[in-house]
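# A structural walkthrough
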Amino acid sequence: MTTHKRKAQATQESLHRIFTIPEAPDSTLGLIEKEISENLAGFLGNHIAAKEQALSEIEKDFACSVIPEEPSFVSDHTHHLLTKVVAQSVHTASPSFIGHMTSALPYFILPLSKLMVGLNQNLVKIETSKAFTPLERQVIGMMHRLVYQDNEHFYQEWMHSANHSLGAFCSGGTVANLTAFWVARNNLLKADGDFTGIAREGLFKALKHYQYDGLVILVSDRGHYSLKKSADILGIGQDSVISIPTDEYNRVDCQKLRDKCLELKKQNIRILSIVGVAGTTETGNIDPLDKIADIAEEFEIHFHVDAAWGGATLLSNKYRPLLKGIERADSVTIDAHKQMYVPMGAGLVVFKNPASVASIEHHAEYILRKGSKDLGSHTLEGSRPGMAMLVYASLHIISRPGYEMLINQGIEKAEYFAQLINQQPDFELITEPELCLLTYRYNPQSIQALLSNSSHEQQDEINQLLDKLTKFIQKRQRENGKSFVSRTRIEVQRYQGRKTVVFRVVLANPLTSNEILNDVLSEQLELAQESETFLPKLLSLL
Ligand SMILES: *Cc1c(COP(=O)(O)O)cnc(C)c1O
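Residues numbered from 1 in each chain as written. Predicted model: local features only at pLDDT ≥ 70, side-chain atom pairs only at ≥ 80, totals over all residues. Heavy atoms only, no water.

## Topic: the overall build of the chain
The helix and strand tally for the chain stands at 18 helices and 11 strands. Computed over C-alpha atoms, the radius of gyration of the chain comes to 26 Å, within 12% of the 24 Å expected from 2.2 N^0.38 for 542 residues, which places it in the range of a compact globule. If one aligns the C-alpha atoms of the chain with their principal axes, the spans along those axes are about 80 × 70 × 45 Å. In the chain, which comprises 542 residues, the proportion classed as buried is 49%. Looking at the chain alone, contacts between residues at least 24 apart form 70% of all its contacts between residues at least 6 apart. Accessible area for the chain stands at about 27,000 Å²; split by element, carbon and sulfur atoms hold 54% of it. (Helix = DSSP H or I, 4+ residues; strand = E, 2+ residues; numbered from the N terminus. Rg over C-alpha atoms; globule rule 2.2 N^0.38 Å. Buried < 20%, exposed > 50% of the residue type's maximum accessible area, 1.4 Å probe, protein only. Contact = heavy atoms within 4.5 Å. Areas by Shrake-Rupley, 256 points an atom, 1.4 Å probe, with all protein chains shown as cover.)

Shown next as structure tokens:
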């Protein structure tokens, strides 16, 4: 046999092995399996390096663009993954990682995910998913009921109906928002007389037919950037997402919203959708949904609620009233991969009217035939994993009261942290928590006093230095690897709406203790002293 043939045969044999024979339990992969199933937290703690490496350094390990010509042993490659990827990944499950909406997962998710991946069901059609299809429809039904609270009869009639959908499961809030606007757009610019509808003829002809001079989306200036992406894809352009100013609590100003509706009407510009945000990404506040619903009703406009992050609050009977009015929305986005403790890739949108998805219905000959219950006929995405199983499992295992405890604890922890910040003379709370999210910054007591006695010009100078100091502290803290808060820039009313750099904290991990919160502030106090330029400059102003 030639070397070439021998090599090919060896590759052939090892390919057969990868699909049939599991790794030996004492191999690297086998050991990882054992370790993570017995002690995931310990495994992550041992393998994720505390010290951060610069991204430019890490990039050197990922510099080669050639697909390997030689196969690797699974164990050798696993070792490579452990040292080069896992070690420099982010410990999102750590209770001191309180900067983002991505958090720890319950232990049962890991084996169930493995089952999901092993089954490799494709939810686009029944032929590749079978029981997973009614399961997903039930999950959508449960989430629909959480939002709209229709009666049992409603769900018996619509949940499994072939030509209807109570919603769409998708990869996340971005696709959920896009799906909501897609449905709204196609219902608004539907077939009429000779015109066969926007889905067939496109935006240009649709606007001409309906004689509109434009199509826009209205949302507060705290709206998520995914709305602009949607506007871009839908053909109306990012500039067609019009920001409405917010009040001091980061909630949309309804007077200004109504004025804008009147103004656009005069200009013959049609509003595609008014969006209420339930849980803004940067400050965690909730728009006055009931009042927005009144305005949408008055002008006969589609009302969408972006509750990607805050929607899970509906699971708490105690805090559900904060979202009052959500049940009047035509569509609602909720991410299960945020406050429902499901891994990434689990978003959904629910529709008040189960028939509204007819406007985006698609058929093909080999699947998604007319009258079939294939989920793919009403979703943007094609092939999709069985993620709904993880939401289904979580809803059963944790149950509504369990979720209520998680949600309530998060909110109450944020209240505690806000108090703690208020008690510390050298910190300034920027936005009060409404849910489990707040913003603040380090600001020495003497500087705070100076700020309150300064002209707007001087205030600006001080705030510029404070911005730099906040960035410095946040970066150092992340590099040290003990704890993590994120940072953002938001308009602060008390400084004439100036865009100010702040720390942002999301308290979702149930294992984050009061002690950890104390430590985060202590560490920031120490880090501030390490600043050799910004803090001295600030203090020299006194
Ligand atoms: C996270 C978020 C989104 C986007 O969701 P993805 O799952 O990241 O695509 C949209 N809107 C709001 C309010 C969010 O918090």
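## Some details on the site of the ligand
Taken together, 15 residues surround the ligand, and among them Thr-174, Asp-306, Asp-335, His-337 and Lys-338 come closest. Between the ligand and the protein, one listed contact pairs an oxygen atom with a side-chain N or O atom of His-337 at 2.8 Å. In this structure, Lys-338 approaches the ligand through a side-chain N or O atom, which is 2.9 Å from an oxygen atom. When the free accessible area of the ligand is taken as 380 Å², the share hidden by the protein chains comes to 87%. (Near = heavy atom within 4 Å. Polar contact = N/O pair within 3.5 Å; in protein donor to acceptor, adjacent residues only side chain to side chain.)

## Examining the packing of aromatic side chains
Applying the stated criterion across every chain yields a total of 9 aromatic pairs. Measuring from ring centre to ring centre gives 6.1 Å for Tyr-107 and Phe-108, while their planes differ by 85°; the resulting arrangement is edge-to-face. The class of Phe-108 is buried, set by a relative accessible area of 10%. Seen from their ring centres, Tyr-210 and Tyr-212 are 6.1 Å apart, and the 10° between their planes marks the pair as stacked. Residue classification places Tyr-212 among the partly exposed positions, given a relative accessible area of 22%. Ring pairing ties together the aromatic residues Phe-417, Phe-427, Tyr-440, Tyr-442 and Phe-503, which thus form one cluster. (Phe/Tyr/Trp six-rings, centres within 6.5 Å; stacked < 30°, edge-to-face > 60°.)

## Brief notes about the pairing of strand S11 (residues 498-506)
Extensive coverage of S11 is indicated by the burial of 8 of its 9 residues. Both strand S9 (residues 437-442) and S11 contribute to a ladder of 4 bridges, which runs antiparallel. By the bridge assignment for S11, Leu-437 is matched with Val-506. Between strand S10 (residues 486-492) and the antiparallel strand that follows it, S11, lie 5 residues; Gln-496 among them carries a positive phi value of about 55°. (Pairing = 2+ DSSP bridges.)

## Concerning the domain arrangement of the chain
By domain assignment, the chain separates into domain 1 (1-43 + 91-104 + 400-542), domain 2 (107-166 + 363-397) and domain 3 (173-336). With centres defined by C-alpha atoms, the gap from domain 2 to domain 3 works out at 25 Å. Counting residues at the interface gives 9 residues for domain 2, matched by 15 residues for domain 3. Where domain 2 abuts domain 3, roughly 980 Å² becomes buried across the two surfaces, and 72% of that area is made up of carbon and sulfur atoms. Counting across the domain 2 and domain 3 interface gives 0 salt bridges. Of the residues forming the side of domain 2 that touches domain 3, the biggest block, 4 residues, is contributed by helix H7 (residues 132-148). For the side of domain 2 that touches domain 3, the residue count by class is 6 nonpolar, 2 polar and 1 charged. (Domains from an automatic or database assignment. Buried area = accessible area lost by both parts, 1.4 Å probe. Salt bridge = Lys/Arg side-chain N within 4 Å of Asp/Glu carboxyl O. Nonpolar A, V, L, I, M, F, W, Y, C, P; charged D, E, K, R; others polar.)

## Remarks on the environment of Gln-459
Inspection of the secondary structure assignment puts Gln-459 in helix H16 (residues 456-480). Assessed through its relative accessible area of 9%, Gln-459 is described here as buried. As a C-alpha pair, Gln-459 and Gln-496 span 37 residues in sequence and 10.0 Å in three-dimensional space. Those residues within four positions of Gln-459 in sequence are excluded, and the remaining contacts are Leu-451, Ser-454, Tyr-495 and Gln-496.

## Quick notes on the sheet that holds strand S4 (residues 270-277)
Pairing is mixed in the open sheet, where 7 strands are placed in the order S1-S7-S6-S5-S4-S2-S3. Each end of this open sheet is capped by a strand with a single partner; those strands are strand S1 (167-170) and strand S3 (241-244). With strand direction ignored, the average angle separating the axes of adjacent strands in the sheet is 20°. Relative to strand S6 (residues 331-335), strand S5 (residues 302-306) is paired through 3 bridges, and the arrangement is parallel. Paired with His-304 across the two strands is Ser-331, which belongs to S6. Running over the sheet, helix H13 (residues 289-299) touches S4 and S5 and is turned about 170° from S4. (Axes fitted to C-alpha atoms, helices over the stretch in contact; angles between N-to-C directions.)

## Considering the pairing of strand S7 (residues 347-351)
Taking burial as the measure, the 5 residues of S7 include 5 buried ones, the bulk of the element. Burial along S7 is two-sided: the residues Gly-347, Val-349 and Phe-351 and Leu-348 and Val-350 are all buried. In this structure, S1 lies alongside S7, joined through 4 bridges in antiparallel fashion. Bridged to Gly-167 within S7 is Val-350. Here 5 bridges tie S6 to S7, and the two strands are oriented antiparallel to one another. Across the sheet, residue Ile-334 finds its bridge partner in S7, namely Leu-348.

## Digging into the pattern of salt bridges
Tallied over the full model, the rule gives 24 salt bridges. Put simply, Lys-7 and Glu-70 hold a salt bridge, and the shortest N to O gap is 3.0 Å. With Lys-7 in helix H1 (residues 3-20) and Glu-70 in the loop between helix H4 (55-59) and helix H5 (74-86), the pair connects residues that are 63 residues apart, well separated along the chain. When the shortest N-O distance is used, the salt bridge between Glu-38 and Lys-34 registers 3.7 Å. Remark: Lys-34 and Glu-38 occur in helix H2 (residues 28-38); sequence separation between them is 4 residues, near one turn of the helix.

## Some details on the sheet that holds strand S8 (residues 427-431)
Backbone-to-backbone hydrogen bonds pair the strands of a sheet. The strands run either parallel or antiparallel. Spatially, S8-S9-S11-S10 is the arrangement adopted by the 4 strands of the open sheet, whose pairing is antiparallel. Looking at the sheet topology across the chains shown, the edges are occupied by S8 and S10. Shown here is a sheet whose adjacent strand axes are inclined to one another by a mean of 45°, direction ignored. Where S10 meets S11, 7 bridges bridge the pair, whose relative direction is antiparallel. Its bridge partner being in S11, Arg-489 is matched across the sheet by Val-501. Helix H17 (residues 514-530) rests against S8, S9 and S11 of the sheet, and its axis sits at about 30° to S9.

## Regarding empty space enclosed by the protein
Applying the stated criterion across every chain yields a total of 4 cavities of 30 Å³ or more. In this structure, the largest cavity occupies an estimated 110 Å³ of space. Lining the largest cavity are 13 residues, with Arg-137, Ile-140, Ser-165, Gly-167 and Leu-375 positioned closest to its centre. When contributions to the lining of the largest cavity are tallied by element, the ones reaching two or more residues are H7 and S1. Here the residues of the lining of the largest cavity sort into 6 nonpolar, 4 polar and 3 charged. Taken as a whole, the second largest cavity encloses approximately 40 Å³ of empty space. Split by residue class, the lining of the second largest cavity holds 4 nonpolar, 6 polar and no charged. (1 Å grid on protein atoms, 1.4 Å probe; cavity = no way out; pocket = protein on both sides within 12 Å on 5 of 7 lines; lining within 4 Å. Points joined across faces, edges and corners; volume = space filled by probe spheres on them.)

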